[in-house]
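Descriptive analysis of the structure
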Amino acid sequence: MQIPPSGIPLSRIELSGGEDGTLSAFVVSSTASRAEAALASTRTPRSATRKSTLHRLRPPEGTAPELRTFVRERYLESEDYQTREFTRPGMEGLLITGGVPRERADWCSAVESITGLDVSERSRAAAGLILMRTGRGTYALSYGVGQHMLDPYFRDDEFGLEFATRCLDDDGVIKVRNQIMDGRGRVDEYSVSRGERIDDFGLDRFGAVVRRICGTVSGLSLTSLETGRTRQVRVECAQATIKIPLATTVEQFLSDLEAIEDVCARPDPLPQLRFVSRVHTLDNRSRKAVQAQAILERHLADPDSPRLTIGVPDSCQESYSSAQAFRARRGARTIGTSDLELHHLLQLIQDKPEGERLKALGDVRVTMFSDDDCQTPAGVTTNGKEWLIADITMGTDRLFYGNGKWFEVGAGFLQTLEEELTTLFTQPQTVTLPPWPKGPPDSQGHDSHDEDWFNHQAAEPDGYLLFDKKDIVTAKFRGGGLEICDVLGPENQLICIKKAPASTAPLNHLFAQGVVAVETLRSDLDVRTKFLDQVAAHMPDHRLLDDFGTLRVVFGILLKDGQDIRVDSLFAFAQVSLLQAVRRLRAMNAEVEVVAIHR
């Protein structure tokens, strides 16, 4: 019972019993109306909620293991953590709490060094984890750093985005974090202060793999929405987790969990968010990734496997085109070559048994050199795993490995990708490139018909100009230069040539070269002026000098044995890189053409 403030005359005190058995007291002053008192007596006490992180766990099919199975073993055995079982109506579970106490926080030394004052503060990273089994599934709630106690092998990597794509408000998206699926490992994040439609973020729906999405939900049977105090609740969904306000009483919590389960059981995502579920990354420790890696280990024993190729790591993109030699080394073994191919890397791990090959590939050190005698490094040293790309099928699942990560793609993504590429590959071509036959070996045993030889052949017809190795040098490139194209065609075609015998190794760089060339010509007056001066010096009546607005980038590609370029000729990462380049080039008023070079 609440005592009224002094100065307010007390007329009477009315008691009212709530539906939950609680007794509420309402103080009614002589100046208060009976209507206000009646309204107050019918208010429902606000239910307690707390923003929590929810995980869904996937036991092996056909099994129901003990809940301890889902916890990393060292936390079950540590004296710093306590494990207790519990049973509640409608739920059985396991609670693990604890943390590692430190007598002195690790930041104390830095603070002492900066301030000159003695600092000694204790620290304890607290962790809480509730594992529970309901009639419809197995779940975990984590608090503090409790998520680290879960074994990632059993975590459901589809849970968070499965929920988000089925219930986020159409105009309620607040933040999107995605990874670019082109082997570079780049992560982009877009955020707004108030909710917007997903289309307003301008995401690349082919190359953007959504990792996290934050927004509002409404119209669900959640405790936080049923209090009547709010019409929307903000949720943050990563691939494997949902952060959402959940009730703190058993009955209401189970009701909230049931509402989430009902959303995830909906057969289809919302139309505007359907693209999110087409591709997602996997934790390398998750069950699908572990199973895919076991298949990959077998392929690593076969240098001719059609499921494997190499791609250029992001850290090597800028220097790859100028590399004259490569050196791959593992332990005392070293391989030197003018063109790095998959079999060079696999030779260095052929002594390893199945299960240890991918790890051994990570021990391989790859260095590029800008000279033939390997004296001047052309970039940073990378490891062999950064160069590996794999396409693995596992039942009905399709997974790709690149830049050290696993991606799972759906049939819808592959179908859309194939349609876009087929249209690109079958459109009329404005350029005909000559054959590229193999030549006699040079003094070092290399094919004498290299890219320099072919570029001279391609530039022979009237109206074509050779620009290979004619870099545009400005202060912007700090002493280096930019190669706009290998050959300039008569109809403003910037022709970029690449030999890709291993399918995709040089292609990411080729596509990036075309984009950078057009971006620089459009935005850098100094580069544009010097390039046009070079054109005018060799061909004063070239169309480009009077019509610079329309450009066409032509990617001339020689695949292994001079095969045609089809959708199945390119690995998924090269396909995505190509479509991303096409979109960026078209946005700059540059058309794109892909031409196969034959033997």
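Quick notes on the rules
- Residues numbered from 1 in each chain as written.
- Predicted model: local features only at pLDDT ≥ 70, side-chain atom pairs only at ≥ 80, totals over all residues.
- Heavy atoms only, no water.
- Helix = DSSP H or I, 4+ residues; strand = E, 2+ residues; numbered from the N terminus.
- Contact = heavy atoms within 4.5 Å.
- Areas by Shrake-Rupley, 256 points an atom, 1.4 Å probe, with all protein chains shown as cover.
- Pairing = 2+ DSSP bridges.
- Axes fitted to C-alpha atoms, helices over the stretch in contact; angles between N-to-C directions.
- Salt bridge = Lys/Arg side-chain N within 4 Å of Asp/Glu carboxyl O.
- Core = buried A, V, L, I, M, F, W, Y, C linked by side-chain atoms within 4.5 Å.
- Buried < 20%, exposed > 50% of the residue type's maximum accessible area, 1.4 Å probe, protein only.
- Arc of directions from axis to C-beta.
- Polar contact = N/O pair within 3.5 Å; in protein donor to acceptor, adjacent residues only side chain to side chain.
- pLDDT = per-residue confidence, 0-100.

Turning next to the overall build of the protein. A tally of regular secondary structure across the protein gives 15 helices and 26 strands. Look at the contacts in the protein between residues 6 or more apart in sequence, and 65% of them connect residues 24 or more apart. Carbon and sulfur atoms make up 46% of the accessible area of the protein, which totals about 29,700 Å².

Bringing the sheet that holds strand β19 (residues 388-394) into the picture now. Pairing is antiparallel in the open sheet, where five strands are placed in the order β13-β21-β20-β19-β14. With one partner strand each, in any of the chains shown, β13 (279-282) and β14 (308-310) form the two edges of the open sheet. Averaged over all pairs of adjacent strands, the angle between their axes in this sheet comes to 25°, without regard to strand direction. The sheet contact formed by β14 and β19 spans three bridges and is antiparallel.

Turning to the pattern of salt bridges, a few remarks are in order. According to the stated counting rule, one finds 30 salt bridges in the structure shown. A salt bridge links Asp156 to Arg58; its shortest N-O distance comes to 2.8 Å. Of the two residues, Asp156 sits in the loop between β7 (138-144) and α4 (159-167) while Arg58 sits in the loop between β3 (49-57) and α2 (73-77), which places them 98 residues apart along the sequence. Each of the salt bridges in this network shares a partner with another, and the network as a whole consists of Arg56, Arg58, Asp156 and Glu162.

Bringing the nonpolar core into the picture now. In terms of nonpolar packing, the biggest core is built from 58 residues, with Ile484, Phe531, Phe555 and Leu578 touching the most fellow members. The residues contacting Phe555, other than those within four sequence positions of it, are Cys496, Leu510, Phe511, Gly514, Leu578, Leu585, Val592, Glu593, Val594 and Val595.

The next thing to look at is helix α12 (residues 451-458). Taken together, the buried positions of α12 are occupied by Phe454, Asn455 and Ala458. Down the axis, α12 shows its buried residues gathered within 100° of arc, on one side only. The inward-facing, buried residues of α12 contact β22 (465-466), β23 (487-488) and β24 (493-500). Sitting at the amino-terminal end of α12 is Asp450, which places a side-chain oxygen 3.3 Å from the backbone nitrogen of Asp452.

Residue-level pLDDT values for the protein average 83, and 85% of them are 70 or greater. Of all secondary-structure elements in the protein, the lowest mean pLDDT belongs to strand β2 (residues 23-29), at 32, while β23 reaches the highest, 95. Predicted confidence is poor over residues 1-45, with pLDDT under 50, and the contacts of this stretch with residues over four places away or in other chains come to 37 contacts.

Moving on: the side chain of Lys498. On the secondary structure map, Lys498 appears in strand β24. Look at Lys498 and you get buried, because its relative accessible area is 8%. Here Lys498 is in contact with Glu451, Pro506, His509, Leu510, Gly556, Ile557 and Leu558, once residues within four sequence places are set aside.

Turning our eyes to something else, we now look at the side chain of Thr138. Along the polypeptide, Thr138 turns up in strand β7. You can call Thr138 buried: its relative accessible area is 7%. Apart from the residues lying within four places of it in its own chain, the contact partners of Thr138 are His55, Arg56, Leu57, Leu67, Phe70, Met132 and Arg133.

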